[in-house]
Amino acid sequence: MREMMSIVQHLKEDKLAVTGAMIILSLTIIVILAPHIAPYDPIKLDLENRLSSPDRNHLMGTDNLGRDVLSRTICGARFSLGMATVVVVIVMLLGIAMGTTAGYFGGVIDGIIMRLVDVLLAFPNIILALVIAGILGPSLTNVMIALAVVWWVGYARIIRGSVLSVKEKEFIEAARAMGCTDSYIAIRHILPNVLSPVIVLATLDMGHIILSIAALSFLGLGAQPPIPEWGTMLNEGRPFMETAPHLMIFPGLMIMVTVLAFNFLGDGLRDALDPRMKEDAIK
Amino acid sequence: MIKFIAKRLAIATLIMLGASLLSFSLIHLAPGNPAEVIIRAEMGEDPSLTEIEFFFQKYDLNDPFFAQCAQWMHMITHGDLGTSFRTEEPVLVEFFDRFPATLELAVAAMAIAILISIPLGILSAMKQNSILDHGSRLVALWGVSMPNFWLGLVLILFFSVKLDWFPCFGYGGVEYLILPAVTLGTGMTATLMRLMRASMLEVLRQDYIRTARSKGLKERVVLWKHGFKNALIPVITVMGMQVGHLLAGVVIIETIFAWPGVGKFLVDGIYARDYPVIQGFVLIIALFFVLSNLAVDILYTYLDPRIKYDVENA
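Residues numbered from 1 in each chain as written. Chains lettered and ligands numbered in written order. Predicted model: local features only at pLDDT ≥ 70, side-chain atom pairs only at ≥ 80, totals over all residues. Heavy atoms only, no water.

**Q** What exactly am I supposed to notice about the nonpolar core here?
**A** Core analysis: the largest hydrophobic core is formed by 171 residues, its most contacted members being Leu130 and Leu147 of chain A together with Phe149 and Met200 of chain B. Here the element with the most residues in this core is helix α10 (residues 219-257) of chain B; it accounts for 16 residues. Excluding anything up to four places from it in sequence, Leu147 of chain A contacts Val87, Val91, Ala129, Ile209, Ser212, Ile213 and Leu216 of chain A. With seven residues, the next largest nonpolar core counts Leu11, Ala17, Val200 and Leu269 of chain A among its residues. (Core = buried A, V, L, I, M, F, W, Y, C linked by side-chain atoms within 4.5 Å. Buried < 20%, exposed > 50% of the residue type's maximum accessible area, 1.4 Å probe, protein only. Helix = DSSP H or I, 4+ residues; strand = E, 2+ residues; numbered from the N terminus. Contact = heavy atoms within 4.5 Å.)

Following this line, the structure appears as structure tokens:
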């Protein structure tokens, strides 16, 4: 608990991390209130007002079907951020389960899991995700499955390493002597001790995953029209680049600001958790 | 040293075997019928049942899963990755026909990244906490946060559509290369710059730098001979690892700029369910990835003699 307090204290002094946290907080509010803030229905067609530039009625203009870009961008936050959060949670749980199992039991189980990790690491992340999403067919769910299949390995590796070092500590031996079961020891005694690097990784990964979802959607493999996902919006706006550049400027800016916010916060968290970096900050 | 290399080579071979099994099974667990999609694309109409049956027989798609798998392993160990459904050309030929274009783009991007990131990273470290330092760190964070496909579109919008300096897309002389290379190189520039700065700061704190200074060496000699050379080691490692990211970035950038490389052909292959191209290309890309990581590992032990012992112990 005292550790948590010192981390929060450290974060408060880090201007970039605070900025990141504020942006993420505002985005979260937007995600929750999206249908209420959006001035128009994000999928309602208005063919008389097609491709109009930003003006007083439509702050970000309208797209090729007359839909309000501002409303679409606001509601798009739900899909982009929501999907990324779901993927990160799945990936964390999967990584924690696999990593703890491998590290705690060792032997053959460890061998099998780690060889699987090695094989998955032989492919560049996004390429494997692209292929899996492409084979499963274009849809939101399939993009999430593809990213989860590819992304858990990093977490499994980190967790396994930490579990290996914690496993030999005396308090674990004491718990075993008291007759605690394996799963009880793993969940109650080992997990809490290995979580902090995972939290940093997850924060930084939010950015990567948002980018990957947008990229796959941009290639037409993710969210399908008329869903207002940011990557899909960029893909839809591309043919109208010359006449209506606002169609690709705004969703792109949103992706960038969101990812930047997570990178600010993730960097700050990493510095706060790494005692060696703390010295740097003091100097 | 030789023992270490041999061991790493053996592991890499095993990993590649696993990778080829994975790339094979992924595709065969997929829903959908490749015959239908491909024949429809060729003929422009829905295929008849006999046409589909003929396609299945031609490519042995009716065999049981394990028989197909055994045949695939036999083929790849003999350097045969099958033929593309779409072009009827061998997959290996298709890959290496397009590889020079991809290589050209990747090398150009890497050159841009190195030329910008290394000097800026060093300057940033030497003038720590100056405006230049804060500014370049902010720009670097911004660079890693920008979706590269979006950057590509924005560059096209400004430099091709508005200013008409460069062609929007296509392949040809240097004027075609600049926009995609900048797009692909931006993320890497940002990553390398952050790393170069951190590494230089770390090295300048070491005892041997203090020793060099107290010997009365000129600051320039300390910085370049003792500082820069050592700070470069982790940067080179990450450069090697970035080869994989370059390969990944290429897929999207080539699609945007209609660059006739490996990545665009792979994406088109995915849309068309060209199974042999998908599994073959993914496997070759994995091979490049594993080999570049192996090369980095070996290079690392040469660059930093202290590492050897760690490796022996591990």
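Following the structure, the description resumes.
**Q** Is there a simple way to explain the pattern of salt bridges in this structure?
**A** Close approach of charged atoms allows side chains of opposite charge to pair. Residues and elements named next belong to chain B. Enumeration over the complete set of coordinates arrives at eleven salt bridges over all chains. Residue Arg205 is joined to Glu202 by a salt bridge in which the shortest nitrogen-to-oxygen separation is 3.5 Å. In this structure Arg205 comes out as partly exposed when scored by relative accessible area, which is 36%. A salt bridge links Asp268 to Lys264, with the shortest nitrogen-to-oxygen separation between them at 3.0 Å. (Salt bridge = Lys/Arg side-chain N within 4 Å of Asp/Glu carboxyl O.)

**Q** Hey, could you run me through the interface of chain B and chain A in this one?
**A** Interface size is commonly expressed as the accessible area that is lost once the parts come together. Counting residues at the interface gives 44 residues for chain B, matched by 45 residues for chain A. Carbon and sulfur atoms make up 78% of the area that chain B and chain A hide from each other, which totals about 3900 Å². Summed over the three residues of chain B that lose the most area to chain A, namely Phe149, Trp150 and Leu153 of chain B, the buried surface amounts to 15% of that side. Across the contact surface, chain B and chain A share one salt bridge. Across the pair Asp267 of chain A and Arg194 of chain B runs a salt bridge, and its minimum N-O distance is 3.1 Å. The interface formed by chain B and chain A contains five residue pairs in polar contact (both at pLDDT 80 or more). Within the residue set of the side of chain B that touches chain A, elements represented by two or more residues are α1 (2-28), α6 (131-145), α7 (148-162), α8 (174-204), α10, α11 (262-271) and α12 (275-303) of chain B. It is α7 of chain B that contributes the most residues to the side of chain B that touches chain A, eight residues altogether. (Buried area = accessible area lost by both parts, 1.4 Å probe. Polar contact = N/O pair within 3.5 Å; in protein donor to acceptor, adjacent residues only side chain to side chain.)

**Q** How do you make sense of the side chain of Ser292 of chain B when you look at a structure like this?
**A** Note on placement: Ser292 of chain B falls in helix α12. Other than its neighbours up to four places away in sequence, Ser292 of chain B contacts Gly240 and Val243 of chain B.

**Q** Hey, could you run me through the packing of aromatic side chains in this one?
**A** The description of an aromatic ring pair uses the distance of the two centres, along with the angle that the planes make with each other. Residue and element names in this part refer to chain B. Within the structure shown, the criterion is met by twelve aromatic pairs over all chains. For the ring pair Phe95 and Phe96, a centre distance of 5.0 Å and an interplane angle of 70° mean the geometry is edge-to-face. Given the relative accessible area of 2%, Phe95 is considered buried. The exposure class of Phe96 is partly exposed, given its relative accessible area of 43%. With a centroid separation of 6.0 Å and 70° between ring planes, the pair formed by Phe96 and Phe99 is classed as edge-to-face. One end of the pair is Phe96 and the other is Phe99, both in helix α5 (residues 91-126) and three residues apart, which spans about a single turn. Ring pairing ties together the aromatic residues Phe95, Phe96, Phe99, Phe265, Phe281 and Phe288, which thus form one cluster. Over the ring of Phe265 we find Arg86; its NZ or CZ atom is 4.6 Å from the centre of that ring. Here the guanidinium or amino end of Arg98 rests over the ring plane of Phe265, the centre of that ring lying 3.8 Å away. (Phe/Tyr/Trp six-rings, centres within 6.5 Å; stacked < 30°, edge-to-face > 60°. Lys NZ or Arg CZ within 6 Å of the ring centre and 35° of its normal.)

**Q** How should I be thinking about the side chain of Thr183 of chain B in this particular structure?
**A** Residue and element names in this part refer to chain B. Along the polypeptide, Thr183 turns up in helix α8. Take Thr183: its relative accessible area is 0%, and that puts it in the buried class. Reaching out from Thr183, the side chain makes a polar contact with the backbone oxygen of Leu179 at a distance of 2.7 Å. With near-sequence residues (within four places) excluded, Thr183 lies in contact with Asn148, Leu151, Gly152, Leu155, Ile253 and Phe257.

**Q** Looking at this structure, I do not really get empty space enclosed by the protein. What am I missing?
**A** Summary: where empty space remains is shown by rolling a probe the size of a single water molecule over the atoms. Tallying each qualifying case throughout the model produces three cavities of 30 Å³ or more. The computed volume of the largest cavity comes to approximately 70 Å³. Along its surface, the largest cavity is lined by Asp63, Asn64, Arg67, Val69, Arg72, Met233, Glu236, Gly237 and Leu247 of chain A. For the lining of the largest cavity, the per-class residue count stands at three nonpolar, two polar and four charged. Its boundaries defined by the atoms lining it, the second largest cavity holds a volume of some 50 Å³. Every residue lining the second largest cavity is listed: Ile127 of chain A together with Phe95, Phe99, Thr102, Leu247, Val250, Val251, Val262, Gly263 and Ile285 of chain B. Counting residues per element, the ones that place at least two in the lining of the second largest cavity are α5, α10 and α11 of chain B. (1 Å grid on protein atoms, 1.4 Å probe; cavity = no way out; pocket = protein on both sides within 12 Å on 5 of 7 lines; lining within 4 Å. Points joined across faces, edges and corners; volume = space filled by probe spheres on them. Nonpolar A, V, L, I, M, F, W, Y, C, P; charged D, E, K, R; others polar.)

No statement about biological role is implied by the geometric values presented.
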